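# What the coordinates show
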Amino acid sequence: MIAGALALAPLLPLASSAAFLLVFDRRLRADGGRAACWLGVLACAASLILLLKVSILPGMAGAGAFGGMLAYDGPAAWIAGTVAAAAAASLLLMPSHAAARGMTCGDTAALTLMAAMGLMLLACAREWLTAILSLETASVCLYALAGADRRRASSAEAALKYFLPGAAASAVLLLGAACWFGATGSTFLSARLPHAPLGAVAAGLLAVGLGFKAGLVPFHGWLPDAYAGAPAPATAFMAAAVKAAAFGALARLAASAGRAEAALAFLAVATMTFANLAGLAQTALKRLLAYSAIAHSGYLMLGVTAYARGADPGALSAYLAAYALLTIGAFAAAGVLESEATGGLEIAQLRGLWRRRPVLALALAFCLLGLAGFPPTVGFLAKASVFTAAWSKGLGWLVVAAALNSVVALGYYLKPVRAMFLEDLPEGVEAVASESAGPSTGSAISVACAVLGVVLGILPSIWL
Amino acid sequence: MRLGLDPLTFLILCPLAAAAAVALLGRRPTLARAAALLASLVELWGVGERLAELPVGGWMSWEVRRAWLPDWGASWHLGADGLSLMLIAATALLVPLVILGSWTQVKERVAPFHACLLVLEAALVGTFVARDLLCFFVFWEAVLIPMYFLIGIWGGAGRMAAAVKFVVYTAVGSLLMLVAIVAVAHRGGEWDFDMARAAAEPMALPAQRWAFLAFALAFAIKVPLFPFHTWLPQAHVEAPTGGSVLLAGVLLKMGVYGFLRIAWPLCPAAAAAAAPWLGALAVCGILYGALMALAQDDLKKLVAYSSVSHLGYCILGLASGTPAGAAGAAFLMLSHAVTTGALFFLVGMAYERTHTRKVGDFGGIATAAPRFACAFGVIAMASVGVPGLCGFAGEFPVLAGAWAARPLWAVGAALGVILGAVYLLGAFQRMMFGPVRLPGGLSGLAGGHFPDLAAREVMVLAPLAALALALGLYPSLVMDRLGPCVAAIGR
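Predicted model only: the values in this text are computed from it and were never measured.

## Focus on the overall build of chain A
Scanning chain A from N- to C-terminus turns up 18 helices and zero strands. C-alpha atoms of chain A, sized along the principal axes, occupy 65 × 55 × 40 Å. Put simply, chain A has 464 residues, and 62% of those count as buried. In chain A, 81% of the contacts between residues at least 6 apart in sequence involve partners at least 24 apart. On chain A, roughly 15500 Å² of surface is accessible, and the fraction owed to carbon and sulfur atoms is 71%. Separation of charge centres in chain A, based on 27 positive and 19 negative side chains, amounts to 5 Å.

## Quick notes on the environment of valine 283 of chain B
All names here are of chain B. On the secondary structure map, valine 283 appears in helix α12 (residues 268-295). Separated by 131 residues in the primary sequence, valine 283 and alanine 414 have C-alpha atoms spaced 9.7 Å apart. Not counting chain neighbours up to four residues away, the residues in contact with valine 283 comprise Leu316, Trp409 and Gly412.

## With respect to the pattern of salt bridges
When their charged atoms lie close together, side chains carrying opposite charge are able to pair. Scanning the entire structure with this criterion turns up 26 salt bridges over all chains. The salt bridge partner of arginine 371 of chain B is aspartate 452 of chain B, with a shortest N-O separation of 3.9 Å. Taken together, the residues span a long stretch of sequence, with arginine 371 of chain B in helix α16 (residues 370-384) and aspartate 452 of chain B in the loop between α19 (440-445) and α20 (455-473) at a distance of 81 residues. Here the residues in one salt-bridge network are Glu157, Lys161, Asp225 and Arg287 of chain A, joined through shared partners.

## A look at a nonpolar patch on the surface
The grouping of Val451, Val455, Ile458, Leu459 and Ile462 of chain A at the surface amounts to a nonpolar patch, some 420 Å² of accessible area in total. Tracing the chain through its elements places leucine 459 of chain A in the segment after α18 (441-458).

## Focus on the interface of chain A and chain B
Listed per partner, the contact involves 33 residues of chain A and 33 residues of chain B. Summed over both partners, the interface of chain A with chain B comes to about 3100 Å²; 82% of that surface belongs to carbon and sulfur atoms. For the pair chain A and chain B, the interface holds one salt bridge. Of the charged contacts, one joins arginine 355 of chain A and glutamate 108 of chain B as a salt bridge, the two residues approaching to 3.7 Å between their closest N and O atoms. Scanning the region where chain A abuts chain B turns up three residue pairs in polar contact (both at pLDDT 80 or more). Looking at the side of chain A that touches chain B, the elements that each hand over two or more residues are α14 (353-356), α16 (378-392), α17 (396-422) and α18 of chain A. Broken down by element, the residue count for the side of chain A that touches chain B peaks at twelve residues, all from α17 of chain A. Counted by class, the side of chain A that touches chain B contains 23 nonpolar, six polar and four charged residues.

## Concerning the state of the cysteines
The term disulfide refers to a covalent linkage connecting the sulfur atoms of a pair of cysteines. Residue and element names in this part refer to chain B. Counted according to the given criterion, the structure contains zero disulfides over all chains. Cysteine 135 takes part in no disulfide bond, and the closest cysteine sulfur to it belongs to cysteine 14, at a distance of 19 Å. In this model cysteine 390 remains outside any disulfide bridge; the closest cysteine sulfur is found in cysteine 314, 12 Å from its own.

## Considering the pairing of strand β1 (residues 61-69) of chain B
Residue and element names in this part refer to chain B. As paired elements, β1 and strand β2 (residues 74-80) share six bridges and run antiparallel to each other. Note that in β2 the partner of serine 61 across the bridge is alanine 80. If you look at the hairpin formed by β1 and β2, you'll find four residues sitting between the two strands, and glycine 73 has a positive phi there, around 70°.

## Some points on the packing of aromatic side chains
According to the stated counting rule, one finds 29 aromatic pairs over all chains in the structure shown. Aromatic side chains phenylalanine 421 of chain A and phenylalanine 149 of chain B sit 5.0 Å apart centroid to centroid with 50° between the ring planes, which places their arrangement in the tilted category. Placement of phenylalanine 421 of chain A in helix α17 and of phenylalanine 149 of chain B in helix α6 (residues 144-154) is noted, with the two residues assigned to different chains. By the burial criterion, phenylalanine 421 of chain A is buried, and phenylalanine 149 of chain B matches it. Pairing phenylalanine 136 of chain B with tryptophan 140 of chain B gives two aromatic rings, centres 5.7 Å apart and planes at 40°, and the pair type is tilted. Taken together, the residues span about one helical turn, with phenylalanine 136 of chain B and tryptophan 140 of chain B both in helix α5 (residues 133-142) at a distance of four residues.

## Quick word on α16 of chain A
Between the first and last C-alpha of α16 of chain A there are 21 Å, a value that for 15 residues agrees with the 21 Å anticipated at 1.5 Å per step. Along α16 of chain A, 13 of the 15 residues are buried, which leaves the element largely enclosed by surrounding structure.

## A few points about the environment of arginine 209 of chain B
Residue position: arginine 209 of chain B is located in helix α9 (residues 205-222). Sequence separation between arginine 209 of chain B and alanine 271 of chain B is 62 residues, and the spatial gap between their C-alpha atoms is 8.0 Å.

## Some points on the side chain of arginine 33 of chain B
All names here are of chain B. Positionally, arginine 33 belongs in helix α2 (residues 29-53). Here valine 106 takes part through its backbone oxygen, which lies 3.2 Å from a polar atom of the side chain of arginine 33. Ignoring sequence-local partners within four residues, the contact set of arginine 33 consists of Ile99, Ser102, Trp103, Val106, Val110 and His114.

## A few points about the packing of helix α4 (residues 110-129) of chain B against helix α11 (residues 241-266) of chain B
Residues and elements named next belong to chain B. It is the contact of α4 with α11, at a shortest axis distance of 11 Å, that shows an interaxial angle of 25°. Between α4 and α11, the interaxial angle falls into the category roughly parallel. Considering only the axes of α4 and α11, their crossing is left-handed. Across the interface between the two elements, Leu117, Leu120, Leu124, Thr127 and Phe128 of α4 pack against Leu246, Val250, Leu251, Met254 and Tyr257 of α11. Residues belonging to the contact of α4 with α11 are distributed by class as follows: nine nonpolar, one polar and no charged.

## As for unusual backbone geometry
Residue proline 376 of chain A is reached from proline 375 of chain A by a cis peptide bond, and omega for that bond is 5°. If you trace the backbone, proline 376 of chain A turns up in the loop between α15 (358-372) and α16. Put simply, valine 223 of chain B and proline 224 of chain B share a cis peptide bond, and its omega is -10°. Of note, proline 224 of chain B is situated in the loop between α9 and α10 (231-238). The phi angle at phenylalanine 66 of chain A is positive, at roughly 55°, despite the residue not being glycine. Summarising the element assignment, phenylalanine 66 of chain A is placed in the loop between α3 (34-55) and α4 (74-101). Of the residues examined, phenylalanine 66 of chain A reaches a relative accessible area of 37% and is grouped as partly exposed. Positive phi is not limited to glycine here, since tryptophan 62 of chain B has a value of about 55°.

Parameters at a glance
- Residues numbered from 1 in each chain as written.
- Chains lettered and ligands numbered in written order.
- Predicted model: local features only at pLDDT ≥ 70, side-chain atom pairs only at ≥ 80, totals over all residues.
- Heavy atoms only, no water.
- Helix = DSSP H or I, 4+ residues; strand = E, 2+ residues; numbered from the N terminus.
- Buried < 20%, exposed > 50% of the residue type's maximum accessible area, 1.4 Å probe, protein only.
- Contact = heavy atoms within 4.5 Å.
- Areas by Shrake-Rupley, 256 points an atom, 1.4 Å probe, with all protein chains shown as cover.
- Lys, Arg positive; Asp, Glu negative; His and termini not counted.
- Charge placed at Lys NZ, Arg CZ, Asp CG, Glu CD.
- Salt bridge = Lys/Arg side-chain N within 4 Å of Asp/Glu carboxyl O.
- Patch = residues over 30% accessible without salt bridge, like charges linked within 9 Å, V, L, I, M, F, W, Y side chains within 5 Å.
- Buried area = accessible area lost by both parts, 1.4 Å probe.
- Polar contact = N/O pair within 3.5 Å; in protein donor to acceptor, adjacent residues only side chain to side chain.
- Nonpolar A, V, L, I, M, F, W, Y, C, P; charged D, E, K, R; others polar.
- Disulfide = S-S within 2.5 Å.
- Pairing = 2+ DSSP bridges.
- Phe/Tyr/Trp six-rings, centres within 6.5 Å; stacked < 30°, edge-to-face > 60°.
- Expected span 1.5 Å × (residues − 1).
- Axes fitted to C-alpha atoms, helices over the stretch in contact; angles between N-to-C directions.
- Parallel < 35°, antiparallel > 145°, perpendicular 65-115°, else oblique.
- Left-handed = near helix turned anticlockwise from the far one by under 90°.

Quick look at the structure:
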């Protein structure tokens with residue numbers, strides 16, 4: 001029982017602050033929800049500290065709590081930490097973005113906290129019902145978060161496009177869990193799946209459901225619209241945290257299902273190839289980042305395939321953390337620019353940004369180069385760690401495919417860089433980001449992510 | 001002076017720190033130039049000290065190894081032998097000259113320009129001193145970023161397409177190289193990125209073939225070896241003068257250095273098997289580059305194609321598989337850095353005066369600007385391989401090595417030497433002699449004459465011309481320190 005209380009401890013600050021905000025939201029509205037967001041940031045920090053304390057307790061990694069339903073092993077702790085940090089970053093970004101776009105942010109703070117709680121629970125769940133319930137908790141909050149910008153049709157569209165397929169995916173997941181129970185007589189992830197057809201059906205359905213949440217091709221259709229329409233702070237959270245938690249579950253599924261290597265490899269190659277080619281055609285910054293998110297799901301599948309063959313999960317968690325850092329930095333910058341633009345944020349509007357906002361332009365450029373996997377950023381180390389893990393498990397051809405894909409990806413990552421640094425704003429095009437605007441939390445977070453991305457890339461011994 | 005750092009780490013960090021400082025001087029262009037020049041001179045001084053310490057034979061010195069990624073068997077492992085140090089010396093010499101040469105040519109965004117130059121210098125030095133494959137790859141890729149901006153921001157009209165082409169071409173090769181590096185590092189089932197150990201215990205032959213193919217593609221694109229050269233003319237023509245100088249002077253050598261340091265030692269059997277193909281491509285490149293140069297009217301393009309031709313000799317020397325050929329190839333890298341660097345400076349100076357680069361627009365410059373014509377003449381003759389100047393001292397061993405391996409290659413390469421004399425000295429003759437002819441706009445603008453070299457420009461060209469002469473008259477000064485480093489290639 002004590003173990004159970006301890007295992008839930010990291011979730012408590014999130015749940016309690018979310019409940020508090022739901023009840024007292026009206027009192028906190030006076031300053032546009034700024035206080036609510038700060039409370040949320042504190043809750044995330046408390047949750048992170050508790051996570052650090054709890055995950056090193058003896059027995060927490062193996063036996064876990066509640067008869068093994070929750071356990072904090074290495075990857076679970078990494079992913080839960082990534083989720084909490086992403087939530088904190090998203091909450092920090094929220095107030096200024098909300099103020100610029102005329103949104104209230106008390107309720108969005110509560111939704112973000114609830115979603116973070118669900119995703120952290122998913123990261124340490126060892127049993128399908130817990131996993132599905134926690135994922136559903138998070139998803140319902142995320143649908144609402146995507147539509148938080150109520151005055152804009154694009155935000156409502158994002159919410160609807162996320163919700164409808166998302167609900168279908170949840171049904172598929174549930175059905176998969178039912179089949180899993182039928183095949184193994186247990187809902188635990190550690191149960192060995194029998195060779196029977198029912199086992200394959202279970203694994204397939206669960207993979208489809210999780211693949212949807214992770215944004216794998218061919219289940220990615222919702223993702224670009226949802227990412228582009230949702231407010232940038234919410235997108236940053238979705239991109240970093242949902243992906244981390246979904247890949248944690250996918251990796252565990254892949255490891256216990258076994259014999260699905262061909263399917264995993266197919267998903268990896270299809271995802272990265274499709275997303276990178278489609279990314280080349282994008283003209284809007286957030287949409288481009290959305291395709292980048294899908295492409296990274298493909299590289300992550302490489303790590304999942306290697307993990308299914310028995311590779312160390314460290315590569316996968318490192319990749320998730322590095323990707324989260326860089327993608328939050330990129331979306332933070334996109335959020336600053338978006339809140340100053342009138343319509344959608346076209347890459348053409350970024351032209352000459354370097355002259356107007358040199359620091360923000362540099363930060364965005366470094367985050368993009370990091371996502372492209374350029375050394376000396378952390379993105380390179382993440383990519384190299386997944387490549388080496390896959391290579392050591394004999395997946396050489398997948399590594400070659402991923403390397404070639406990275407070249408294609410360069411083509412679109414360089415587009416915003418080129419617009420910001422190389423091109424000048426022609427007459428008649430409306431510029432975003434005038435010089436008058438002062439420093440904001442958004443640029444501060446973007447700069448922090450870029451600096452961390454380079455420092456952690458040069459000195460990996462700090463974190464790897 | 002070195003702040004407690006080991007010599008090689010200092011050589012990498014000094015320009016990086018200076019770049020950060022220079023970037024902050026955005027509002028003070030002259031101060032930014034001066035600071036960058038000072039930093040590059042400090043770097044040159046540091047390299048000079050190392051050159052003075054370098055033993056004859058050029059053995060590996062100043063090795064340093066610190067933990068970097070212990071779990072992966074990758075470390076911050078640096079060391080320089082004669083080959084590395086000579087290339088670093090070329091880099092450290094060219095950067096201050098580029099800063100001096102761009103003094104009046106770069107007028108916009110001065111501080112970022114110099115910051116980019118210094119970051120580029122740090123990455124180049126790092127590439128040449130890395131003794132760990134992962135370190136090497138990090139520096140190799142890091143070179144792309146400042147060069148992308150140098151071409152893309154300060155380049156000519158078609159700069160953006162050229163910058164993207166440069167990056168994407170190089171990235172195709174280098175990401176496959178990353179796969180090959182991973183394969184080499186995992187050869188024994190354990191991770192180990194150390195170059196020396198990888199060379200001491202090469203992989204089995206089938207794996208070696210694939211790894212060599214990936215390495216060779218990456219390096220061939222960088223060299224560039226025919227037919228992977230198509231990015232080069234565009235990048236050279238669009239880059240600012242300083243960018244072209246470093247691109248031709250140092251960046252292309254990264255490819256040859258990669259062949260010498262990585263592809264050959266790590267995959268010796270595969271390299272020996274591939275040598276005939278490389279040699280044939282090299283001869284094709286020599287002739288193709290020379291013929292293309294012959295057809296150019298744009299002087300900068302002419303010099304760019306001459307680079308394709310000259311780098312062909314470097315690869316031919318390697319492919320010949322003889323100690324003389326390999327040593328000649330290494331020497332030719334330095335000689336090409338000096339001559340082509342100077343040629344790009346001269347093209348830039350002519351363009352700054354007249355805003356044209358067309359050979360046909362000029363005539364009789366020698367009467368108006370004798371110093372310019374004299375410098376051009378010395379450098380052009382060094383470039384085409386007139387004995388007594390540096391080009392000959394490199395080309396001769398390469399031709400000798402090629403003759404020993406396959407006489408037909410030597411015949412083709414010798415034909416390239418003749419063509420070289422035709423295109424470069426032909427252009428020289430048309431521009432310098434004959435009736436005075438200047439581009440239309442100039443006759444009215446600058447008093448109707450071609451201004452001769454100013455003192456600053458003499459300061460840029462004189463060291464290069466002096467080096468061309470010194471290397472030509474006394475090649476063993478460098479050869480004794482280079483040859484032993486590459487002799488292993490021969491056998």
